[in-house]
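# Coordinate inspection notes
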Amino acid sequence: MHLESFKIETRRFISRLRPKKYIKRNFDQIEIETTTFCNRKCNYCPNVKYERFGPDNNFYMHSEVFKKLILDLTKENFKGIIAPHHYGEPLSDEGIYSKLEFINKNLPLAQIKIVTNGDYLNLDTYKLLLKLGVKIINISKHSKDLSDGCNELLEAIKNKENSDFKVTPKVFDFWKDFKEDSDYLFNRGGDITIKEAKWNPIKCVYASYPVINVYGDLILCCQDYHSDYVMGNIMENTIYEIWQSPENQLMRERIMRSYFDNEICKNCLFSKV
């Protein structure tokens, strides 16, 4: 057996021996799809091949669905990471700021995380995000250069031009990675092709927290682009009732132990260990 394959199989075997459960009854982060719209079509994203639901649904999560979800989280005094993103660009949604305000008002101890392609990020939007309680900003770079506004912001932060720059965005260069090493990239459950895709994930972290799509469905993970694996809807049950259901817990526990029962998990590959 090839040494790399042996290492993979050994880690997979060890993951199955853990006596304690991987999946907790409560979670410390959640991903919420506030919009399905993205202004980019990247070769390494399913958005380049499919339309994420579409304009007939106005692209946006309805306010009653969003508010119900946040109020569910208040019942457990949620203090973890709330990331309002999925396959859409969150800052393309003008309503994102009122949503962030609602989160900050009802869950003041939560850490709001924005993941953006940077096209709508500039000094003004940055200041507004911080005012509304954003604690983490990740920029996914999907072209050779970021937007002018985003570059100006990063340069100002680098030069410490303002003491109010309390959050330093982290830049993840997916454009370069796709063309060179593909360290970051998954094939999205088989939806796209990446270079040298070889291995199924081990102890897949993506199964360890809930992802809520624009309709309020709790889906399998962020790789589940088509929402093929729906565990429940938060308008019918609370997020915690769905998360703590035996079916949801068992499915995720098996994934963490490298048992790939679902077709999407069997097809989900990444390029490097």
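Before going into details, it helps to say that this report is about the structure given with it.

What counts, and at which threshold
Residues numbered from 1 in each chain as written. Predicted model: local features only at pLDDT ≥ 70, side-chain atom pairs only at ≥ 80, totals over all residues. Heavy atoms only, no water. Core = buried A, V, L, I, M, F, W, Y, C linked by side-chain atoms within 4.5 Å. Buried < 20%, exposed > 50% of the residue type's maximum accessible area, 1.4 Å probe, protein only. Helix = DSSP H or I, 4+ residues; strand = E, 2+ residues; numbered from the N terminus. Patch = residues over 30% accessible without salt bridge, like charges linked within 9 Å, V, L, I, M, F, W, Y side chains within 5 Å. Areas by Shrake-Rupley, 256 points an atom, 1.4 Å probe, with all protein chains shown as cover. Salt bridge = Lys/Arg side-chain N within 4 Å of Asp/Glu carboxyl O. Lys, Arg positive; Asp, Glu negative; His and termini not counted. Charge placed at Lys NZ, Arg CZ, Asp CG, Glu CD. Pairing = 2+ DSSP bridges. Contact = heavy atoms within 4.5 Å. Axes fitted to C-alpha atoms, helices over the stretch in contact; angles between N-to-C directions. Phe/Tyr/Trp six-rings, centres within 6.5 Å; stacked < 30°, edge-to-face > 60°. Lys NZ or Arg CZ within 6 Å of the ring centre and 35° of its normal. Right-handed = clockwise from strand over helix to strand, strands pointing away.

## Description of the nonpolar core
Residues Ile30, Leu73 and Ile239 are the most contacted members of the largest nonpolar core, which totals 47 residues. When residues of this core are traced back to their parent elements, those giving at least two are strand E1 (29-32), helix H2 (63-74), helix H3 (96-106), strand E3 (111-116), helix H4 (123-131), strand E4 (134-141), helix H5 (148-158) and helix H7 (239-243).

## Let's talk about a nonpolar patch on the surface
Judged by side-chain polarity, Phe13, Ile14 and Leu17 come together as a nonpolar surface patch covering roughly 330 Å² of accessible area. With respect to the helices, strands and loops of the structure, Leu17 is situated in the loop between helix H1 (3-15) and E1.

## So, a positive patch on the surface
On the surface, Arg11, Arg18, Lys20, Lys24 and Lys203 cluster together into a positively charged patch. Topologically, Arg18 is positioned in the loop between H1 and E1. Relative accessible area serves as the criterion here: at 35%, Arg18 is assigned to the partly exposed category.

## Considerations on the sheet that holds E3
Read from one edge of the open sheet, eight strands run E5-E4-E3-E2-E1-E6-E7-E8, paired in mixed fashion. Across the chains shown, the open sheet's two edge strands, defined by having one partner strand only, are strand E5 (170-173) and strand E8 (230-233). Direction of pairing for E4 relative to E5: parallel, over a ladder of four bridges. Bridge pairing in E5 links Lys141 to Asp173. Packed on one face of the sheet, H3 meets strand E2 (81-83), E3 and E4 and runs near 160° to E3.

## Overview of the packing of aromatic side chains
Summed over the entire model, instances satisfying the criterion amount to nine aromatic pairs. Ring centres 5.8 Å apart and planes at 45° place the aromatic pair Phe27 and Phe78 in the tilted group. One end of the pair, Phe27, is in the loop between H1 and E1; the other, Phe78, is in the loop between H2 and E2, and 51 residues separate them in sequence. The exposure class of Phe27 is buried, given its relative accessible area of 8%. Centre to centre, the rings of Tyr126 and Phe165 are 5.6 Å apart; their planes meet at 70°, and the pair counts as edge-to-face. Linking Tyr126 in helix H4 with Phe165 in the loop between H5 and E5, this pair joins segments that are 39 residues apart in sequence. The same class applies to Tyr126 and to Phe165, which are both buried. Following the ring pairs from residue to residue traces out a cluster consisting of Phe27, Phe78, Tyr240 and Trp243. It is Arg18 that lies over the ring of Tyr22; its NZ or CZ is 4.4 Å from the centre.

## Concerning unusual backbone geometry
The phi dihedral of Asn77 is positive, around 50°, even though this residue is not glycine. By relative accessible area, Asn77 is classed as partly exposed at 44%. One non-glycine residue, Ser227, lies in the positive phi region at around 55°. The topology assignment puts Ser227 in the loop between strand E7 (217-219) and E8. What makes Ser227 buried here is its relative accessible area of 13%.

## Focus: the pairing of E4
Counting buried residues in E4 gives six out of eight residues, a clear majority hidden from the surface. Note: E3 against E4, five bridges, orientation parallel. Along E4, the bridge assignment pairs Thr116 with Ile139. Regarding the hand of the β-α-β motif, the stretch spanning E4, H5 and E5 is right-handed.

## Details of the pairing of E3
In terms of burial, E3 is a largely internal element, five of the six residues being buried. Where E2 lies against E3, two bridges are found, and the strand directions are parallel. Of the residues in E3, the one forming a bridge with Ile82 is Ile112. Each parallel crossover has a hand, and the one from E2 via H3 to E3 is right-handed. On the question of chirality, the crossover connecting E3 to the parallel E4 by way of H4 is right-handed.

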